[in-house]
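Observations on the three-dimensional arrangement
Listed here are the chains, written in short residue letters.
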Amino acid sequence: MSAAPFVELRNISKYFAKVIANQDVSMQIRKGEVLALLGENGAGKSTIMKVLYGLYRAEEGQILVDGAEQVINSPKDAMKLGIAMIQQHFALVQAHTVTENIILGLVQGKYDIKQYDKIVADLAARYGFDIDPTAVIGDLPVGVQQKVEILKALYQNAQLLIMDEPTAVLTPQESDVLMNFVQQTTRAGKTVVFITHKLREVMEVADRIVVMRNGKVVGDLRKDETNEIELSKLMVGREIHDRTYVEDAVFDSQPIGLELRNVSIRDPREKIFRIKNISFQVHKGEILGIAGVSGNGQSELCDAISGYRSLTQGAILLNGTDITARNVRKRIEMGIAYVPADRHRYGLIMPMKLTENMFLRSSFGRIWVKHGLIDRRRLDAYTAEKILAYDVKATGPDAVAQSLSGGNQQKVILAREVDLGSAVIIFDQPTRGLDLGAIEHIHRTILAEKTKGKAIVLVSTELSEIFSLSDRIAVIYRGEILGIFRNHDLDTQQIGLLMAGYTTERR
Amino acid sequence: MGTLFGSLFRDSYTFADIFVKATPLMFTALAFAFTFQANLFNIGAQGQFYIGAITAVGCSLFLQDKLPGALTLVLTGVLTILLGGLWGGMIGWLKAKFNANEFLVSMMSTYVALALMNYLLRTFLMETKGEYPQTDPLDTAVWLQTIIPGTRLHTGFVLAVLTCIGIWLLLYKTPLGFRIRAVGQGKDAAAMAGINYKTLYIVAFFVSGALAAFGGFAEVNGVQHMLVQGFNPDVGAAGIGIAILANGNPIGIIFASILFGALKVGGTIMGQLSGIPSSITELMLGSVMVFVILAYFVREKMEERREKAKLKKAVSA
């Protein structure tokens, strides 16, 4: 590992319209090392790297590459300097093959695709990737798509690979493969910046760790001189007390609240099953966790229970009554609440006021209507009360939803759904993208609703969340439930295998 | 400029005419603004206005010697709302059922309405003399009453203002209005809340069509007292401009319409007085619209810059 910095960032500051994303950030990236950029969501990790990659322009500061100051205005400039970034959301053309994606924009005129297929195959072999260059991207699992992105960078002879939360979309096994690759590639002389908020990965793969909090660098440490506890303290600025699952011995003696019988949904256009033959029961006062890598049918399942998507087959029962034929409106009236994963699109109406958003899902009810008009005064008072109770940071009921931060937006949805869901509450990724304070608040709310005797479905890709809250855990893979287990009957290794689709006995 | 506005006050007839001109504009502006709240574009207010005018004149002529005047007026008004609503609702239905582009459908429906009017004016509705493509004049009994004697100001203006207030109430104070706005600003979240946006597309276009058509009724029974081929050919377009100027707010539409009415009347007088072509006011109206739209973006940009500067200062302090 040479000491000379390959890339140096000096006093970078970046402002967005209303927030400071980075403030006076300086760091060095040395040749041949794995630098982990650690921090909570919203700490400014991605932003600073996007500045380096030319996606954002910093308001202040300098970028030095190999000791010379550079102006990077676009990813093209960055690529010329050997800097590549693998985004969280891949930029691949779904209908094209691996090779076509890799050479996209890099060839002109007439070319022989077979020749490039061979180049790509050689490149993949050199880095130990098992990839068919002629495969169509859309057919490949996410883990492989990520490898294609990496290959694309390597094909362009990138010296510095920036990976933005690369394991977020991977199964534990796929993550291990990626970690191996990272270590191999640095041994071959490349440099890797690994953006993450997961301590385990940092300890596994990094040589050096830069910790960020609130847009600032709060620590720059060598891995062998630190430990998880120190890092987590730096990251959150306070202690995290691990919330472990408190066993509930009586949940299964309670009556069944929600039941799904052989529920299937087939995509009418693609003719494939989004969810297939799913059956489970949720008792009153039980939290059923649904674990799985995202995109395995979780959202479709939640949509089906809420009534937003209709079933191809099967039945949904609420307290023993068949509600399969009831629409969303009826189901809301029956006390089925839903906290959707995409809160910007499905949870809130962003340009509307908080009061209006609180009213959104009860617009057909009579509660807020007086003489045919909306009782704004009472609604405002109710909203103000919820803002206080849920510690929402907002100027008041008249604040517009989009002016709030992600965590506070989620609290507003939570406040609304908790009141509406007298029987069932579906939480789809309730804490995704939120900071630890908000996560804790949301977890406490979910547990409080459980004690009130509601049947709760919790979908999450965060295993720690599943393990610390759920009474039982169902694992979903490609739209099928591979098994339902009691919380303490399952360990991380087992669940990891299940999430990747390995199972001895299929149900 | 001085002459333009000064001339408006030279006599009560001229002054009252501002409000006469503003009346149909309020209705067509409301028609655009209402669907706009549901994030739909109704470019066909002109056609809906004509449908209303045809219905009004047809119904009035047919009933005026059979029923008392007041009753005829009420029936005509109701029928106008119904037919105009159906005409508009059809656009919403096509959008809901086939996801047809409502912008194009509403725009083209204007030409259909225009052709329908021309056809009827040469056949069933043609004057008894059979000379021009226009109807017989209406009986005074079915005229919308004049408010101020010696002017053309009629009760249609009062109805227009009341309609603006009513639409404002509907949009901002009732659950139905809330749902329309919710669909406009977040269709998916609204659907997730059990709101059927397809139904609301039809409802919004029904109301929109009825509004524009009622403008046609007010104009025929209030001012023209007959139907002449191709009258008021620009109320639809002007309505869009007014709605944008008022930022889609029904109360704002009242004032923006009066401003447009004043410019229209002033422009005509200017033409008579000084030989300046009256089209100069149309140029002014167009510029007003362009600047209003520009101002919106400039303001947003300035706000963003100010926020950034504030942050920078806060950081260095």
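Scroll up to find the structure this text is about.
**Quick word on the overall build of chain A**
Scanning chain A for helices and strands turns up 17 helices and 22 strands. Against the compact-globule benchmark of 23 Å for 507 residues, chain A has a radius of gyration of 25 Å, which places it among compact chains. Considering only C-alpha atoms, chain A reaches an extent of 70 × 50 × 50 Å along its principal axes. Across the 507 residues in chain A, those meeting the buried criterion constitute 54%. Restricting the contact set of chain A to residue pairs at least 6 apart, pairs at least 24 apart contribute 67%. For chain A, the accessible area works out to roughly 22600 Å², and carbon and sulfur atoms hold 48% of it. Taking the average place of the 63 positive charges on the side chains of chain A and the average place of its 62 negative ones, the gap between the two points comes to 5 Å.

**Points about the sheet that holds strand β2 (residues 20-30) of chain A**
Residue and element names in this part refer to chain A. Judged by pairing direction, the sheet is antiparallel, and its 4 strands sit side by side in the order β2-β1-β4-β5 without closing on themselves. Both outer strands of the open sheet, β2 and β5 (68-70), are each paired with one neighbouring strand and no more. Going across the sheet, the axis of each strand differs from the next one's by a mean of 25 degrees, ignoring polarity. Alignment of strand β1 (residues 5-15) against β2, held across 7 bridges, turns out to be antiparallel.

**Topic: helix α13 (residues 376-389) of chain A**
An α-helical segment advances 3.6 residues per turn. Residues three or four places apart therefore align on the same side. Residue and element names in this part refer to chain A. In this model, α13 (14 residues) spans 20 Å end to end at C-alpha, consistent with the 20 Å of a helix rising 1.5 Å per residue. Taken residue by residue, α13 has L379, Y382, T383, K386 and I387 as its buried positions. Seen from one end, α13 has its buried residues packed into an arc of 140 degrees, which puts them on one side. In this structure, α13 carries R377, L388 and A389 as exposed residues pointing more than 90 degrees from its buried face. Immediately beyond the C-terminal end of α13, within one or two residues, lies D391, with a positive phi of roughly 55 degrees.

**With respect to the layout of surface pockets**
By volume, the second largest pocket amounts to about 1400 Å³. For the second largest pocket, the lining is made up of 33 residues, of which A:P351, B:Q185, B:N247, B:Y296 and B:E300 are closest to its centre. Sorting the residues of the lining of the second largest pocket by element identifies α2 (12-37), α6 (155-173), α7 (175-185), α10 (235-245) and α12 (279-316) of chain B as the ones contributing at least two each. Of the residues forming the lining of the second largest pocket, the biggest block, 8 residues, is contributed by α12(B). Residue classes in the lining of the second largest pocket are distributed as 15 nonpolar, 9 polar and 9 charged.

**Some words on the interface of chain B and chain A**
Of the residues lining the interface, 23 residues belong to chain B; the matching set on chain A comes to 34 residues. Carbon and sulfur atoms supply 68% of the area that chain B and chain A bury against each other, a total of about 2700 Å² over both sides. Counting across the interface, chain B meets chain A through 2 salt bridges. A:E356 is the salt-bridge partner of B:R181, the closest N and O atoms lying 2.9 Å from each other. Applying the counting criterion to the chain B and chain A interface returns 6 residue pairs in polar contact (both at pLDDT 80 or more). Contributing elements (two or more residues each) for the side of chain B that touches chain A: α7, α8 (187-192) and α12 of chain B.

**Some thoughts on the packing of α6(B) against helix α11 (residues 250-274) of chain B**
All names here are of chain B. Between α6 and α11, the shortest axis-to-axis distance is 8 Å and the interhelical angle comes to 150 degrees. One element, α6, and the other, α11, form an angle in the roughly antiparallel class. Contact residues: α6 offers F157, V161, C164, I165, I167, W168, L171 and Y172, while α11 offers P250, I251, I253, I254 and I258.

**What to know about the pairing of strand β19 (residues 424-428) of chain A**
Residue and element names in this part refer to chain A. Within β19, 5 of the 5 residues are buried, which leaves the element mostly enclosed by the surrounding structure. Burial along β19 is two-sided: the face carrying V424, I426 and D428 and the face carrying I425 and F427 are both buried. Both strand β16 (residues 336-339) and β19 contribute to a ladder of 4 bridges, which runs parallel. Residue pairing for β19: I336 is matched across the bridge by V424.

**Some thoughts on the packing of aromatic side chains**
To describe a pair of aromatic rings, one takes the distance between the centres and the angle between the planes. Tallied over the entire structure, the rule returns 21 aromatic pairs over all chains. With centroids separated by 6.2 Å and ring planes inclined at 55 degrees, the aromatic side chains of B:F32 and B:F41 adopt a geometry described as tilted. Assessed through its relative accessible area of 5%, B:F32 is described here as buried. In textbook terms, an aromatic cluster arises when at least three aromatic residues are bridged by ring pairs, as seen for B:F32, B:F36, B:F41 and B:F103. Residue placement shows A:R329 over the ring face of A:F364; its charged tip is 3.9 Å from the ring centre. Looking at B:R179, its charged tip hangs above the ring of A:F364, at a distance of 4.0 Å from the centre.

**Notes on unusual backbone geometry**
Although it is not a glycine, A:N157 adopts a positive phi angle of roughly 60 degrees. Secondary-structure assignment places A:N157 in the loop between α5 (142-155) and β7 (160-164). Note on A:N157: relative accessible area 48%, which makes it partly exposed. Despite not being glycine, B:N39 shows a phi value in the positive range, around 60 degrees. Mapped onto the fold, B:N39 is located in the loop between α2 and α3 (45-63). With relative accessibility at 46%, the residue B:N39 sits in the partly exposed group.

**Quick word on the side chain of A:S470**
Residues and elements named next belong to chain A. Looking at the secondary structure, you find S470 in the loop between α16 (463-469) and β21 (472-477). From its side chain, S470 meets the backbone oxygen of I466 in a polar contact 2.7 Å long. Not counting chain neighbours up to four residues away, the residues in contact with S470 comprise Y245, I287, G289, L458 and N487.

**Some points on a nonpolar patch on the surface**
Judged by side-chain polarity, A:L373, B:I147, B:I148, B:V158, B:L159, B:L162, B:I165 and B:L169 come together as a nonpolar surface patch covering roughly 610 Å² of accessible area. Broken down by element, the nonpolar patch gets its largest block of residues, 5 residues, from α6(B). Positionally, B:L159 belongs in helix α6.

Calculation notes
- Residues numbered from 1 in each chain as written.
- Chains lettered and ligands numbered in written order.
- Predicted model: local features only at pLDDT ≥ 70, side-chain atom pairs only at ≥ 80, totals over all residues.
- Heavy atoms only, no water.
- Helix = DSSP H or I, 4+ residues; strand = E, 2+ residues; numbered from the N terminus.
- Rg over C-alpha atoms; globule rule 2.2 N^0.38 Å.
- Buried < 20%, exposed > 50% of the residue type's maximum accessible area, 1.4 Å probe, protein only.
- Contact = heavy atoms within 4.5 Å.
- Areas by Shrake-Rupley, 256 points an atom, 1.4 Å probe, with all protein chains shown as cover.
- Lys, Arg positive; Asp, Glu negative; His and termini not counted.
- Charge placed at Lys NZ, Arg CZ, Asp CG, Glu CD.
- Pairing = 2+ DSSP bridges.
- Axes fitted to C-alpha atoms, helices over the stretch in contact; angles between N-to-C directions.
- Expected span 1.5 Å × (residues − 1).
- Arc of directions from axis to C-beta.
- 1 Å grid on protein atoms, 1.4 Å probe; cavity = no way out; pocket = protein on both sides within 12 Å on 5 of 7 lines; lining within 4 Å.
- Points joined across faces, edges and corners; volume = space filled by probe spheres on them.
- Nonpolar A, V, L, I, M, F, W, Y, C, P; charged D, E, K, R; others polar.
- Buried area = accessible area lost by both parts, 1.4 Å probe.
- Salt bridge = Lys/Arg side-chain N within 4 Å of Asp/Glu carboxyl O.
- Polar contact = N/O pair within 3.5 Å; in protein donor to acceptor, adjacent residues only side chain to side chain.
- Parallel < 35°, antiparallel > 145°, perpendicular 65-115°, else oblique.
- Phe/Tyr/Trp six-rings, centres within 6.5 Å; stacked < 30°, edge-to-face > 60°.
- Lys NZ or Arg CZ within 6 Å of the ring centre and 35° of its normal.
- Patch = residues over 30% accessible without salt bridge, like charges linked within 9 Å, V, L, I, M, F, W, Y side chains within 5 Å.

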